[in-house]
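# Summary of structural features
If you want the building blocks of each chain, they are given just below.
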Amino acid sequence: IVFSLAVLIVASPVFLISAILIKRESAGPVFFMQERIGLNGRPFRMVKFRTMHQEASGDAPTPSSPYDSRITRIGRYLRRYSLDEFPQFFNVLCGEMSVVGPRPEMSFIVDGYGPMERERLTVKPGITGLWQISYFRQGAIHENLEYDLFYIENKSMLLDFVIISLTGFAVMKGTGAY
């Protein structure tokens, strides 16, 4: 919670500039909110900066290219540097997410979980995690169970520190999502 609060305070100028640019470029809200499934299967509303045009479906497949026509110009930049994820620190402050953990999934994906996948729901979902810093992040989140299970079984402050540090390097390098 302290880390999240610090990030929100330090990043507040980036929040303000991002919000202005999102509103200038396209109609619609600044934030994109979507129901995700969290700890013990409880739903919550995850918040991100909106990176797609308002009329783009929230449940459509994730863009696989930075040139997907649904993504706005500012959205490309926000995704590249993972700045679209910063509002999730509000989810951390609300106790719905952790900084590090498995990514939260949509309910229709969780509905298809078997016993092994349900292990993901035994910890709070995170803004970042092992899968996000891996070289295999091009695949679907729900298809990379081994990263989440490894994290759950080996969870520690040191592992969290390593993941947060590597995430910071990836963000500075611009190896975010499309």
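Residues numbered from 1 in each chain as written. Predicted model: local features only at pLDDT ≥ 70, side-chain atom pairs only at ≥ 80, totals over all residues. Heavy atoms only, no water.

## Some thoughts on the packing of helix H1 (residues 2–10) against helix H2 (residues 12–25)
- Following both chains from N to C, one finds H1 and H2 inclined at 55°, their axes separated by 4 Å at the closest point. Between H1 and H2, the crossing angle belongs to the class labelled oblique. Note on element contacts: H2 touches H1 through Ser12, Pro13 and Phe15, opposite Leu8, Ile9 and Val10.
- For the contact of H1 with H2, the per-class residue count stands at 5 nonpolar, 1 polar and no charged. (Axes fitted to C-alpha atoms, helices over the stretch in contact; angles between N-to-C directions. Helix = DSSP H or I, 4+ residues; strand = E, 2+ residues; numbered from the N terminus. Parallel < 35°, antiparallel > 145°, perpendicular 65-115°, else oblique. Contact = heavy atoms within 4.5 Å. Nonpolar A, V, L, I, M, F, W, Y, C, P; charged D, E, K, R; others polar.)

## Considering the nonpolar core
- Counting residues in each nonpolar core, the largest one holds 25 residues, and the members touching the most others are Ile22, Phe49, Leu78, Phe89, Met97, Tyr151 and Ile163.
- For this core, the secondary structure elements donating two or more residues are H1, H2, strand E2 (43–49), helix H3 (73–80), helix H4 (88–93), strand E3 (98–100), helix H7 (145–154) and helix H8 (157–173).
- Among the nonpolar cores identified, the runner-up in size contains 6 residues, and Ile109, Val110, Tyr113 and Leu121 belong to it. (Core = buried A, V, L, I, M, F, W, Y, C linked by side-chain atoms within 4.5 Å. Buried < 20%, exposed > 50% of the residue type's maximum accessible area, 1.4 Å probe, protein only.)

## Regarding the pairing of E2
- Most of E2 is tucked away, with 5 of its 7 residues classed as buried.
- One ladder, built from 7 bridges, connects strand E1 (residues 31–37) with E2; its direction is antiparallel. Each bridged residue has a counterpart across the sheet, and for Arg36 the counterpart in E2 is Phe44.
- Connecting E1 to the next strand, E2, in antiparallel fashion are 5 residues, including Asn40 with a positive phi near 60°. (Pairing = 2+ DSSP bridges.)

## Focus on the packing of aromatic side chains
- In this structure the tally under the stated criterion is 7 aromatic pairs.
- Between the aromatic rings of Phe31 and Phe49, the centroid separation amounts to 5.4 Å while the plane-to-plane angle is 15°, which identifies the pairing as stacked. Taken together, the residues Phe31 in strand E1 and Phe49 in strand E2 connect sequence positions 18 residues apart.
- Take Phe31: its relative accessible area is 35%, and that puts it in the partly exposed class.
- Here a set of aromatic residues connected by ring pairs shows up, and it is made of Phe3, Phe15, Phe31, Phe49, Phe86, Phe89 and Phe90. (Phe/Tyr/Trp six-rings, centres within 6.5 Å; stacked < 30°, edge-to-face > 60°.)

## Concerning H1
- Every buried residue belonging to H1 is among Ser4, Val7 and Leu8, and all of these are buried. When H1 is viewed along its axis, its buried side chains cluster within an angular range of 95° and face the same direction. Within H1, the exposed residues directed more than 90 degrees away from the buried face are Val2, Ile9 and Val10. (Arc of directions from axis to C-beta.)

## Some points on H3
- By the burial criterion, the buried members of H3 are Ile74, Gly75, Leu78 and Arg79. Burial along H3 is one-sided: seen end-on, the buried residues are contained in an arc of 135°.
- Buried positions along H3 lie against H2 and E2.
- Ser82, located one to two residues past H3, shows a positive phi value of around 55°.

## A short note on the environment of Pro102
- Following the sequence through the fold, Pro102 ends up in the loop between E3 and helix H5 (107–110).
- Along the backbone, Pro102 and Val123 are 21 residues apart, and their C-alpha atoms lie at a distance of 7.9 Å.
- For Pro102, the residues in contact, after removing those within four places along its chain, are Arg120, Val123, Lys124, Pro125, Gly126, Asp148, Tyr151 and Ile152.

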